[in-house]
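This is what each chain is made of:
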Amino acid sequence: MPEKPISLYSQQLMPAEEMLEIRKRKHHISIGMPSNVHEDELCIPLTPQAVELLVEAGHQVFVETNAGARSRYTDLDYAEVGAEIVNEKAEVFQCDYLIKVAPFTLSEIKLLKGNQVLFSMLQLDTNNEENIKALMQKRATAVAFEYMKDEFGKLPVMESLSEISGIVSMAIASNLLLNSSAGKGSLFGGVTGISQASLLIFGTGTAAEYATKAAIGAGVEVKVFDNSVAKLREFEKRFDQKIFTSLYYPRVLEKAVISADVILGAQPYNQIPEFVLSEELVKTMKKGSVLIDLNSSQGGCFETSKCTTLSKPSYTKHGVIHYCVPNLSGNVSRTTTISLSNIFSYILNDIGEIGGITHYIKSQKGFREGVYLYNGILTNKDIAHKFNINFKDLDLLLAAF
């Protein structure tokens with residue numbers, strides 16, 4: 001694990017009087033990490049190294065037995081660094097702070113004692129009103145990975161998962177093109193004397209960037225489409241070589257789709273894709289070519305997309321292989337777990353340092369955007385609009401606490 005960055009509350013940056021106040025507020029917290037209840041969720045948010053850091057800071061960490069098994073971490077790995085291994089899920093759910101990757105299910109919510117702090121993905125597109133209202137009744141303070149920002153205004157979890165997804169998507173594309181996967185039998189790369197494989201990418205975000213880097217390294221021809229010249233210009237600046245970029249001009253796009261071996265949908269998270277490839281254009285693709293949709297849970301980048309799972313990740317339509325797994329990074333569960341752990345180990349520790357979740361929310365504007373429930377009160381307008389529930393401005397609520 002990398003060295004801990006200088007905290008916002010570091011002694012070097014704060015007056016002595018303020019540091020004294022922080023020391024007075026500091027308290028130890030109990031953190032619970034349940035095992036995954038969904039068979040297609042393989043990642044966990046804390047590694048043994050992260051748990052060690054938290055325990056050394058005086059916090060208690062309770063890990064449900066076999067929670068880390070799918071990421072190749074054993075109960076012994078956690079026990080050796082001071083975690084308490086718990087056999088009963090209900091016991092883990094008595095902790096003041098709970099953290100997991102997948103959203104909390106209704107059966108898990110019923111185990112909550114109430115007035116707790118929860119960290120997880122929200123997955124609004126697949127979540128439901130019953131779960132949200134159950135969390136409200138438990139007076140939970142809930143933080144969504146997808147909305148949480150850092151001090152630079154970036155989405156740290158989504159940026160990290162996007163990096164991983166971009167790279168992994170290229171490995172998946174390479175595998176799906178093989179004869180053994182019913183692909184067209186093409187090498188996803190460049191070989192002397194043979195035309196390069198062709199990759200189309202919709203979007204210019206982090207996932208698109210890392211997919212492009214991986215593809216260029218393999219000798220693949222990359223073409224990137226977006227709806228903004230400014231975004232395309234900034235995207236090109238990230239590379240040492242010229243990359244084909246274009247707006248979604250119909251004729252240019254049609255020609256590129258027909259010749260593509262792989263198309264990657266990598267448009268922004270937390271919003272419906274601005275461009276969707278029509279089913280008619282999908283029909284023009286070469287048989288055995290591949291579509292990978294990183295936005296399948298948001299409606300999809302292709303009209304032929306439908307969400308799939310890690311256990312059944314792909315299907316074929318119009319002779320084209322579709323891979324539409326929302327949690328694609330779960331294919332590399334250990335890497336993803338380490339990535340998440342690098343983020344949340346220090347957040348949890350800093351929450352204890354500053355004296356609890358309310359102080360932390362008040363002090364961290366970016367983190368505040370990830371809070372969708374505060375003491376059971378809905379504070380996220382996206383959830384409010386989807387389920388027609390009243391919400392309140394978090395900044396106004398904080399003024400009362």
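Predicted, not measured: the structure shown is a model, and the values here were computed from it. (Residues numbered from 1 in each chain as written. Predicted model: local features only at pLDDT ≥ 70, side-chain atom pairs only at ≥ 80, totals over all residues. Heavy atoms only, no water.)

**Q** For this particular structure, what's the right way to read a nonpolar patch on the surface?
**A** Together, L187, V191 and I194 give the surface a local cluster of nonpolar side chains, amounting to about 290 Å² of exposed area. Examined against the element boundaries, I194 turns out to sit in the loop between helix 7 (156-176) and strand 7 (198-202). Take I194: its relative accessible area is 58%, and that puts it in the exposed class. (Patch = residues over 30% accessible without salt bridge, like charges linked within 9 Å, V, L, I, M, F, W, Y side chains within 5 Å. Areas by Shrake-Rupley, 256 points an atom, 1.4 Å probe, with all protein chains shown as cover. Salt bridge = Lys/Arg side-chain N within 4 Å of Asp/Glu carboxyl O. Helix = DSSP H or I, 4+ residues; strand = E, 2+ residues; numbered from the N terminus. Buried < 20%, exposed > 50% of the residue type's maximum accessible area, 1.4 Å probe, protein only.)

**Q** Sorry, what's going on with the nonpolar core here?
**A** The nonpolar side chains of a soluble globular protein tend to be buried, and buried together. One finds L46, F119, F344 and F367 to be the most contacted residues of the largest nonpolar core, which totals 44 residues. The element best represented in this core is helix 12 (residues 333-354), accounting for 7 residues. Grouped together as the second largest cluster of nonpolar side chains are 34 residues, V168, A207, A211 and L328 included. (Core = buried A, V, L, I, M, F, W, Y, C linked by side-chain atoms within 4.5 Å.)

**Q** I keep staring at empty space enclosed by the protein and nothing clicks. Help me out?
**A** Over the atoms rolls a probe the size of a water molecule, and its path tells where empty space is left. For the structure on display, the rule yields 1 cavity of 30 Å³ or more. Taken as a whole, the largest cavity holds about 40 Å³ of empty space. What lines the largest cavity is simply P103, F104, S120, M121, N127, N131, I132, L135 and Y372. Examining the composition of the lining of the largest cavity, we find that 3 residues originate from one element, helix 6 (residues 129-137), more than from any other. Grouping the constituent residues of the lining of the largest cavity by class yields 6 nonpolar, 3 polar and no charged. (1 Å grid on protein atoms, 1.4 Å probe; cavity = no way out; pocket = protein on both sides within 12 Å on 5 of 7 lines; lining within 4 Å. Points joined across faces, edges and corners; volume = space filled by probe spheres on them. Nonpolar A, V, L, I, M, F, W, Y, C, P; charged D, E, K, R; others polar.)

**Q** What exactly am I supposed to notice about the sheet that holds strand 3 (residues 84-86) here?
**A** Remark on secondary structure: sheet strands pair via backbone hydrogen bonds, oriented parallel or antiparallel. The strand order across the open sheet built from 8 strands is 3-2-1-4-5-6-14-15, with neighbouring strands paired in mixed fashion. At either end of the open sheet lies a strand with only one pairing partner, and these are strand 3 and strand 15 (377-378). (Pairing = 2+ DSSP bridges.)

**Q** How should the sheet that holds strand 8 (residues 221-225) be read in this particular structure?
**A** In spatial order, the strands read 9-8-7-10-11-13-12; together these 7 strands make up an open sheet with mixed pairing. Strands with a single pairing partner mark the edges of an open sheet, and in this sheet they are strand 9 (244-246) and strand 12 (314-317). On average, adjacent strands in this sheet sit at an angle of 20 degrees to one another, irrespective of strand direction. (Axes fitted to C-alpha atoms, helices over the stretch in contact; angles between N-to-C directions.)

**Q** It is not clear to me how the packing of aromatic side chains should be interpreted in this structure. Could you clarify?
**A** Any pair of aromatic rings gets described here by the distance separating the centres and the angle formed by the planes. The tally for this structure, following the rule as stated, stands at 14 aromatic pairs. Their ring planes at 80 degrees and their centres at 5.2 Å tell us that F202 and F275 sit as a pair that is edge-to-face. Of this pair, F202 sits in strand 7 while F275 sits in the loop between strand 10 (262-265) and helix 11 (279-283), and the two are 73 residues apart along the sequence. Across this residue pair, the class does not change: F202 and F275 are buried. Where F235 meets F239, the ring centres are 5.2 Å apart and the plane angle is 50 degrees; that geometry is what we call tilted. The two residues F235 and F239 agree in class, both being buried. (Phe/Tyr/Trp six-rings, centres within 6.5 Å; stacked < 30°, edge-to-face > 60°.)

**Q** Please explain the side chain of S289 as it appears in this structure.
**A** Structurally, the position occupied by S289 is in the loop between helix 11 and strand 11 (290-293). Overall, the relative accessible area of 0% leaves S289 in the buried class. Within the structure, S289 has its side chain in polar contact with the backbone oxygen of K286 (distance 2.5 Å). Those residues in contact with S289, other than ones at most four positions away along the chain, are L177, K184, A260, D261, G319, V320 and I321. (Polar contact = N/O pair within 3.5 Å; in protein donor to acceptor, adjacent residues only side chain to side chain. Contact = heavy atoms within 4.5 Å.)

**Q** Is there a simple way to explain the pairing of strand 12 in this structure?
**A** Consecutive residues of a regular strand have side chains that alternate between opposite faces of the sheet. Relative to strand 13 (residues 320-323), strand 12 runs antiparallel, the two sharing 4 bridges. Looking across to strand 13, one finds that S314 is bridged to Y323. Taken together, strand 12 and the strand that follows it, strand 13, pair antiparallel across an intervening segment of 2 residues, in which H318 is found at a positive phi of about 60 degrees.

**Q** It is not clear to me how the packing of helix 2 (residues 48-56) against helix 12 should be interpreted in this structure. Could you clarify?
**A** Where helix 2 meets helix 12, the closest approach of the two axes is 10 Å, and the angle between their N-to-C directions is 10 degrees. On the basis of the axis angle, helix 2 is roughly parallel to helix 12. Within the contact between the two elements, helix 2 uses A50, L53 and L54 and helix 12 uses S341, S345, Y346, L348 and N349. Classifying every residue of the contact of helix 2 with helix 12 gives 5 nonpolar, 3 polar and no charged. (Parallel < 35°, antiparallel > 145°, perpendicular 65-115°, else oblique.)

**Q** It is not clear to me how the layout of surface pockets should be interpreted in this structure. Could you clarify?
**A** By volume, the largest pocket is sized at about 1100 Å³. Lining the largest pocket are 45 residues, and of these Q123, T126, E146, S297 and P326 lie nearest its centre. Within the residue set of the lining of the largest pocket, elements represented by two or more residues are helix 7, helix 12 and helix 15 (381-387). Its residues placed into classes, the lining of the largest pocket shows 19 nonpolar, 19 polar and 7 charged.

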